[in-house]
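# Fold and geometry: a report
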Amino acid sequence: MNGSAGQAVDLNGVCVWPGRLPLPAQQRLVGDLRAIARAAPFFRPVTPRGQPMRVRMTAAGRLGWVSDRRGYRYEPRHPSGVPWPPIPPAVLDLWHEVTGLARAPDCCLINFYGEGAGMGLHQDRDEGDLSFPVVSVSLGDEALFRVGAADRRAPTRSLWLRSGDVALMAGPARLAFHGIDRIRFGSSALLPGGGRISLTLRVVAPGRVAPGGPGG
Ligand code: FE
């Protein structure tokens, strides 16, 4: 048991478990992510309109989500051409535990939020089958998470996500608009240089996967 683990919180249908991942598990995970970033370094994507995103990104799994001038999509390789490293077993275990699904996720997107980073309100809808849930894990600095509904104009609610918190977007909340308004840089000691990492686990059933890989 983790002493800081709290009861699940409902945020417009998104289920958040505060402190679900105990500190030693968070620390082990940071080690796993370091190994992933050595093989598949963080890069700063640009939006299809050419705007640099505020987060840096990499991924693990069969597919990684990428964004560039050609659009948002899933690719089987890092922009350098190397395949994405495998998803760490502890992350897969957490996915199965939280979702109750036997099906493994195809993608573990890894976003790094440095000082001043955030992410605007958006839906996750580049996956081929939107009926599968999305699971996210927060590591490092606290982040103000905003959640609305599938209609962009619907009212939003916000919650500070802390290191070790796990969120599940399922059912009607799967397509809820959501974003990170800001982080409290330096609020956690988990990442030595400060900042926040979020892991986002998704099933990417065939349909929106680029056929040719990078440049293809
Ligand atoms: Fe998202």
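Notes on the structure follow. Model, not experiment: these values are computed from the prediction.

As a further point, take the overall build of the chain. A count of helices and strands for the chain gives two helices and 13 strands. Over its C-alpha atoms the chain spans a radius of gyration of 16 Å, differing by no more than 12% from the 17 Å that the globule rule assigns to 216 residues. For the chain, the spread of C-alpha atoms along the three principal axes comes to 50 × 40 × 35 Å. The burial tally for the chain puts 52% of its 216 residues in the buried class. A total accessible area of about 9900 Å² is found for the chain, and carbon and sulfur atoms account for 55% of it. Each charge class in the chain was averaged separately, 26 positive and 17 negative side chains, and the resulting centres sit 5 Å apart.

What the rule picks out here adds up to 13 salt bridges. E75 is the partner of R70 in a salt bridge, and the nearest nitrogen-oxygen pair spans 3.7 Å. What makes E75 buried here is its relative accessible area of 1%. Notably, a salt bridge pairs R174 with E127, separated by 2.8 Å at the nearest N-O pair. Placement of R174 in the loop between β11 (166-169) and β12 (178-183) and of E127 in the loop between β7 (119-122) and β8 (134-140) is noted, with a sequence separation of 47 residues between them. According to the relative accessible area criterion, R174 is buried, its value standing at 3%. Each of the salt bridges in this network shares a partner with another, and the network as a whole consists of D68, R70, R73 and E75.

So, about the environment of I183. Within the element layout of this structure, I183 appears in strand β12. Setting aside chain neighbours within four positions, we find I183 in contact with Y113, G114, A117, D141, E142, A143, W160, G195 and R196.

Right, let's get into helix α1 (residues 23-39). With 17 residues, α1 extends 25 Å between its outermost C-alpha atoms, agreeing within 8% with the 24 Å of an ideal straight helix rising 1.5 Å per residue. Along α1, the residues that are buried comprise A25, Q26, L29, V30, L33, I36 and A37. End-on view of α1: buried residues confined to an arc of 140°, all on one side of the axis. Opposite the packed face of α1, turned more than 90 degrees from it, sit the exposed residues R28 and R38.

With 31 residues, the main nonpolar core has V14, M57, Y113, F145 and I180 as its most contacted residues. Mapped by element, the contributors of at least two residues to this core are β2 (14-17), β3 (56-61), β4 (64-68), β6 (107-113), β9 (143-147), β11 and β12. If you look at the next biggest cluster of nonpolar residues, it comprises 28 residues, including L33, V91, F132 and V135.

Attention shifts here to the sheet that holds β9. Reading across the sheet, the four strands line up as β7-β12-β9-β10 and stay open at both edges, with antiparallel pairing between neighbours. Single-partner strands in this sheet number two, and they are β7 and β10 (157-161). Geometrically, the sheet is characterised by an average inter-axis angle of 25° between neighbouring strands, direction not taken into account. Examined bridge by bridge, β9 and β10 share five bridges and lie antiparallel to one another. In the sheet register, L144 faces β10, and the bridge partner there is W160.

Turning our eyes to something else, we now look at the packing of aromatic side chains. Applying the stated criterion across every chain yields a total of two aromatic pairs. The interplanar angle of 65° and the centroid separation of 6.2 Å between the aromatic rings of F42 and F112 together place this pair among those described as edge-to-face. Linking F42 in the loop between α1 and β3 with F112 in strand β6, this pair joins segments that are 70 residues apart in sequence. For F42, a relative accessible area of 25% corresponds to the partly exposed category. Taking relative accessible area as the criterion, F112 reaches 17% and is therefore assigned buried.

Rules behind the numbers
- Residues numbered from 1 in each chain as written.
- Predicted model: local features only at pLDDT ≥ 70, side-chain atom pairs only at ≥ 80, totals over all residues.
- Heavy atoms only, no water.
- Helix = DSSP H or I, 4+ residues; strand = E, 2+ residues; numbered from the N terminus.
- Rg over C-alpha atoms; globule rule 2.2 N^0.38 Å.
- Buried < 20%, exposed > 50% of the residue type's maximum accessible area, 1.4 Å probe, protein only.
- Areas by Shrake-Rupley, 256 points an atom, 1.4 Å probe, with all protein chains shown as cover.
- Lys, Arg positive; Asp, Glu negative; His and termini not counted.
- Charge placed at Lys NZ, Arg CZ, Asp CG, Glu CD.
- Salt bridge = Lys/Arg side-chain N within 4 Å of Asp/Glu carboxyl O.
- Contact = heavy atoms within 4.5 Å.
- Expected span 1.5 Å × (residues − 1).
- Arc of directions from axis to C-beta.
- Core = buried A, V, L, I, M, F, W, Y, C linked by side-chain atoms within 4.5 Å.
- Pairing = 2+ DSSP bridges.
- Axes fitted to C-alpha atoms, helices over the stretch in contact; angles between N-to-C directions.
- Phe/Tyr/Trp six-rings, centres within 6.5 Å; stacked < 30°, edge-to-face > 60°.

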